[in-house]
Amino acid sequence: MNSSETTGPQSGSSRDLVSLLGDPPRERADAARNRRRVLEAAAKLFREHGVEAVSMDAVAAEAGVGKGTLFRRFGDKSGLVAALLDDKERELQERILSGPPPLGPGASPGDRVRAFVEAYAGYLFEHLDLLRVSETASPGARYRIGSYRFWHRHLAILLAEARPGADADYLAHALLAPLAAEHVTAVLRECDTARVAAGLAVLTDALVQRHEQTDRP
């Protein structure tokens, strides 16, 4: 989605977030069909066998494309995974920008932070294996991904409103830290998703509640 496709008035912070999205690549019709065929094949194989067990060769064979074509287009498995996640990430980003509150505009900053953490946790649980590959492809990969910059900027904007005077940029990183796929994968060996989600809600409340309480009459 580009900025011209976002309807309605936008605040400076909304425009800031839109600028982080970038535009989807423009493709010839045949290239777009091949891309969709590859992504559908990868999704099927990952679902059936797990991300780690599926090779790029297997994806090429399932999609009916040459291995060279696959590697030129996606680079490696982490690039393929990133492309597969892109549609889901954009869906969540669009809900943040223009969807109903509290995830979208119109709720208090604290409630929007809570809604984001809940929504992102659901997205993370559903796509955990894919996100883990994407975030650990190389040292520090998670923090170079464009979507991380979007999530971080969104939280930093809200936390600056919810906690005036606090270091919102750092707090946004701190709140995203327990949402790392590698961390959640390890924690889920001891806790189920409901317990993780409940713990995330407590952490989020601890971060935003203090200022909200001072605003109460």
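Details of the structure are given in the entry above.
Since the model is a prediction, treat every value here as computed from it, not as a measurement. (Residues numbered from 1 in each chain as written. Predicted model: local features only at pLDDT ≥ 70, side-chain atom pairs only at ≥ 80, totals over all residues. Heavy atoms only, no water.)

**Remarks on the nonpolar core**
Piece 1. If you look at the biggest cluster of nonpolar residues, it comprises 59 residues, and the most contacted ones within it are Phe46, Leu80, Phe116, Tyr120 and Leu159.
Piece 2. It is helix α6 (residues 109–126) that contributes the most residues to this core, nine residues altogether.
Piece 3. Not counting residues up to four positions away in its chain, the partners in contact with leucine 80 are Val38, Leu39, Ala42, Phe46, Met56, Val59 and Phe74. (Core = buried A, V, L, I, M, F, W, Y, C linked by side-chain atoms within 4.5 Å. Buried < 20%, exposed > 50% of the residue type's maximum accessible area, 1.4 Å probe, protein only. Helix = DSSP H or I, 4+ residues; strand = E, 2+ residues; numbered from the N terminus. Contact = heavy atoms within 4.5 Å.)

**Quick word on empty space enclosed by the protein**
Piece 1. Across all of its chains, the model carries one cavity of 30 Å³ or more by this definition.
Piece 2. Forming the boundary of the largest cavity are Glu89, Tyr120, Leu131, Ser134, Glu135, Arg142, Ile145, Ser147, Tyr148 and Trp151.
Piece 3. Broken down by secondary-structure element, the contributors of at least two residues to the lining of the largest cavity are α7 (128–135) and α9 (146–162).
Piece 4. For the lining of the largest cavity, the class distribution of residues is five nonpolar, two polar and three charged. (1 Å grid on protein atoms, 1.4 Å probe; cavity = no way out; pocket = protein on both sides within 12 Å on 5 of 7 lines; lining within 4 Å. Points joined across faces, edges and corners; volume = space filled by probe spheres on them. Nonpolar A, V, L, I, M, F, W, Y, C, P; charged D, E, K, R; others polar.)

**Some remarks on the side chain of arginine 112**
Piece 1. Its location among the elements puts arginine 112 in helix α6.
Piece 2. An unpaired buried charge is present at arginine 112: no salt bridge exists, and glutamate 161, the closest side chain of opposite charge, is 6.6 Å distant.
Piece 3. Apart from the residues within four sequence positions on either side, arginine 112 is in contact with Ile96, Pro102, Leu103, Gly104, Pro105, Ala107, His154 and Leu158. (Lys, Arg positive; Asp, Glu negative; His and termini not counted. Salt bridge = Lys/Arg side-chain N within 4 Å of Asp/Glu carboxyl O.)

**Quick look at helix α10 (residues 168–176)**
Piece 1. Residues of α10 that are buried include every one of Ala168, Leu171, Ala172, Leu175 and Leu176, and no others. Down the axis, α10 shows its buried residues gathered within 135 degrees of arc, on one side only. (Arc of directions from axis to C-beta.)

**Quick word on the packing of aromatic side chains**
Piece 1. Applying the stated criterion across every chain yields a total of six aromatic pairs.
Piece 2. Ring centres of tyrosine 120 and tyrosine 123 lie 5.4 Å apart, and the angle between their planes is 65 degrees; on these two criteria the pair is classed as edge-to-face. Here tyrosine 123 and tyrosine 120 lie together in helix α6, a separation of three residues that amounts to about one turn.
Piece 3. Among the residues examined, tyrosine 123 registers a relative accessible area of 8% and is labelled buried.
Piece 4. For the ring pair tyrosine 120 and tryptophan 151, a centre distance of 5.5 Å and an interplane angle of 65 degrees mean the geometry is edge-to-face. Of the two residues, tyrosine 120 sits in helix α6 while tryptophan 151 sits in helix α9, which places them 31 residues apart along the sequence. The exposure classification of tyrosine 120 matches that of tryptophan 151, with both residues buried.
Piece 5. Following the ring pairs from residue to residue traces out a cluster consisting of Phe116, Tyr120, Tyr123, Phe150 and Trp151.
Piece 6. Here the guanidinium or amino end of arginine 73 rests over the ring plane of phenylalanine 74, the centre of that ring lying 5.8 Å away. (Phe/Tyr/Trp six-rings, centres within 6.5 Å; stacked < 30°, edge-to-face > 60°. Lys NZ or Arg CZ within 6 Å of the ring centre and 35° of its normal.)

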